[in-house]
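The primary structure of each chain is shown beneath.
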Amino acid sequence: MALEYVFQWHLTAQCDQRCKHCYVYDKKTYQKELRNQLSTQECFKVIRKITAFRKKLEKHLNQPIIISINFTGGDPLLRPDFFDILNYARPRVAIMRILGNSYHVDKKTAQKLFQSGIKVYQVSLDGLEKTHDFLRKKGSFKDAFRALKIIRRAGIRDTVMMTISPFNSKELLPLVDLLAQEQVSNFSFARIVNFGNAKKITSRFTPLEYRQLLLNYFWRRLKFRRENKKTQLHLKDHLFKLLFYELKIKQPYFNPGIISGCEAVRKILSILSDGTIYACRRFAYNLGNVLEDDLFQVYQSKKAQHYLDFDNFVKCRSCPLKNICRGCPAVSWGEKNSAFAPDPQCWRKT
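Residues numbered from 1 in each chain as written. Predicted model: local features only at pLDDT ≥ 70, side-chain atom pairs only at ≥ 80, totals over all residues. Heavy atoms only, no water.

A.B. asks: Break down the packing of aromatic side chains for me, citing the residues and quoting the values.
C.D. replies: Under the definition given, this model contains 28 aromatic pairs. For the pair Phe134 and Phe167, a centre-to-centre distance of 5.7 Å together with 35 degrees between the ring planes defines the contact as tilted. Here Phe134, found in helix H5 (residues 129-135), pairs with Phe167, found in the loop between strand S5 (157-164) and helix H7 (172-181); they are 33 residues apart in sequence, far enough to count as distant. Of the residues examined, Phe134 reaches a relative accessible area of 44% and is grouped as partly exposed. Of the residues examined, Phe167 reaches a relative accessible area of 46% and is grouped as partly exposed. Summarising the aromatic geometry, the rings of Phe296 and Tyr299 are spaced 6.0 Å apart at their centres and angled 25 degrees between planes, so their arrangement reads as stacked. Pair noted here: Phe296 and Tyr299 are both in helix H10 (residues 295-300), with a separation of 3 residues, about one helical turn. The exposure classification of Phe296 matches that of Tyr299, with both residues buried. (Phe/Tyr/Trp six-rings, centres within 6.5 Å; stacked < 30°, edge-to-face > 60°. Helix = DSSP H or I, 4+ residues; strand = E, 2+ residues; numbered from the N terminus. Buried < 20%, exposed > 50% of the residue type's maximum accessible area, 1.4 Å probe, protein only.)

The following block contains the structure:
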């Protein structure tokens, strides 16, 4: 069985908005990324290095590897050479997705993206209209729904991501109900990370508040399944595994030998627009530079392997769910400046 390895590639830091919770907009790195954005030819070189990495990883793991790239930013559509990059990547990369904005998506562009091999297009919705537009940009809520329809009609799978905090959490279930009415294909959410612009948003969930939110969302997911709703509600947060463990809900990843939880390094790496390699874009765990370093050597480096040693996670090392949960290291980083610190929303007693 083939293993999917994902590169989340922030092709540009350019963006049409300055979201109040954006983790990319960090004054320490943002201007550097803008000034040192990789050229077209350097992007081609990165794609070749990713191809070489696949071959080395296949030999190392002795199993077939499928490479996927999530092109994001900023907004990758703001790069005038974006379609040149897509067309260069298409014969070399199995799966290509976009995590972007809606503003530059029209019928012609969506058809061109589909022809260039894009399988999935993700846009963000962070609550209902007033809340979303406050967090992102006036008019962006309505524009997201406009673009989602165009994306679906072009044959691209549409998906919505929500960044959640106590500020907008009451709108989670009303939003998913609206998405179901609009027949959006996929939805998931992730917690806000105290990084970049989000440092200005100070409210955080208590552990039991967050447990209740997960539980309410799970019941809504079951309701959608009973009613055969088209919209799939995904369980992105690894703390769902703790919830299911407590509720004695059987899940396939409870089987012995299964490794899951945060997939940073093990199944995903992030590349910034200046070539910096992070374990995850939502926290500054720097592993090198894609132009200067061999990707397989980055994967095998002591710093990368340190992240893959689950006994380095302070609270998780004694937990029976250590191999499949570990919460969100990015959230831990934002609160404690360490990916290995306890997840602040984990309610399990040690």
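That shown, we press on.
A.B. asks: So what's going on with the packing of helix H2 (residues 40-61) against helix H3 (residues 82-89)? Residues and values would help.
C.D. replies: For the pair H2 and H3, the least separation of the axes is 10 Å and the interaxial angle reads 25 degrees. Judged by the angle between their axes, H2 and H3 are roughly parallel. Judged by the sense of rotation from one axis to the other, the crossing of H2 with H3 is right-handed. Listed contacts from H3 to Cys43, Phe44, Ile47 and Arg48 of H2 are Asp84, Ile85, Tyr88 and Ala89. (Axes fitted to C-alpha atoms, helices over the stretch in contact; angles between N-to-C directions. Parallel < 35°, antiparallel > 145°, perpendicular 65-115°, else oblique. Left-handed = near helix turned anticlockwise from the far one by under 90°. Contact = heavy atoms within 4.5 Å.)

A.B. asks: Quick one: what's the story with the nonpolar core, residue by residue and with numbers?
C.D. replies: Grouped together as the largest cluster of nonpolar side chains are 105 residues, with contacts concentrated most on Phe187 and Phe189. Apart from residues lying up to four places away in sequence, Phe189 is in contact with Met161, Met162, Ile164, Leu172, Tyr210, Leu213, Leu214, Tyr217, Lys236 and Phe240. (Core = buried A, V, L, I, M, F, W, Y, C linked by side-chain atoms within 4.5 Å.)

A.B. asks: Now, about helix H9 (residues 239-247): what can you tell me, with residues and values included?
C.D. replies: Among the residues of H9, those classed as buried are Leu239, Phe240, Lys241, Leu242, Leu243 and Phe244. Residues of H9 that are buried sit in contact with strand S6 (186-191) and helix H8 (207-226). Trailing H9 by a residue or two, Lys248 shows a phi angle of about 60 degrees, which is positive.

A.B. asks: I'd like a rundown of the pattern of salt bridges, residues and numbers included.
C.D. replies: Throughout the structure, instances matching the rule amount to 20 salt bridges. Among the salt bridges present, the one from Glu58 reaches Arg54, with a minimum N-O distance of 3.2 Å. Taken together, the residues span about one helical turn, with Glu58 and Arg54 both in helix H2 at a distance of 4 residues. Overall, Glu58 belongs to the partly exposed group, its relative accessible area being 22%. The exposure class assigned to Arg54 is partly exposed, which follows from its relative accessible area of 22%. Across the pair Glu246 and Arg211 runs a salt bridge, and its minimum N-O distance is 3.0 Å. In this pair, Glu246 sits in helix H9 while Arg211 sits in helix H8, placing the two residues 35 residues apart along the sequence. A residue is classified by how much of its surface remains accessible, and Glu246, at 32% relative accessible area, is partly exposed. (Salt bridge = Lys/Arg side-chain N within 4 Å of Asp/Glu carboxyl O.)

A.B. asks: Explain H8 to me, using residue names and the numbers behind them.
C.D. replies: Across its 20 residues, H8 extends 29 Å between first and last C-alpha, which sits within 8% of the 28 Å expected from 1.5 Å per residue. When we look at burial in H8, the residues that qualify are Tyr210, Leu213, Leu214, Leu215, Tyr217, Phe218, Arg220, Arg221 and Phe224. Check the buried side of H8 and you find it contacts S5, H7, S6, strand S7 (232-233) and H9. Looking one or two residues beyond H8, the residue adopting positive phi is Asn228, at roughly 55 degrees. (Expected span 1.5 Å × (residues − 1).)

A.B. asks: Tell me what's going on with the state of the cysteines, and back it up with residues and numbers.
C.D. replies: According to the stated counting rule, one finds 0 disulfides in the structure shown. Here Cys15 is not cross-linked by a disulfide; its sulfur's nearest cysteine counterpart is in Cys19, at 6.0 Å. Looking at Cys15, the relative accessible area reads 29%, which means it is partly exposed. The thiol of Cys19 is not disulfide-bonded; the next cysteine sulfur, from Cys22, is found 5.9 Å away. With a relative accessible area of 7%, Cys19 lands in the buried category. (Disulfide = S-S within 2.5 Å.)

A.B. asks: An account of the sheet that holds strand S8 (residues 268-271) is needed here, citing residue identities and associated values.
C.D. replies: An order of S7-S6-S5-S4-S3-S2-S1-S8-S9-S10 is seen for the 10 strands of this open sheet, with the pairing classed as mixed. Each of the sheet's edge strands pairs with one partner strand only, and the pair in question is S7 and strand S10 (283-289). With 4 bridges connecting them, strand S1 (residues 3-10) and S8 associate as parallel partners. Paired with Trp9 across the strands is Ile271, a residue of S8. Across the sheet, helix H6 (residues 140-153) is in contact with strand S4 (118-124) and S5; its angle to S5 comes to roughly 145 degrees. (Pairing = 2+ DSSP bridges.)

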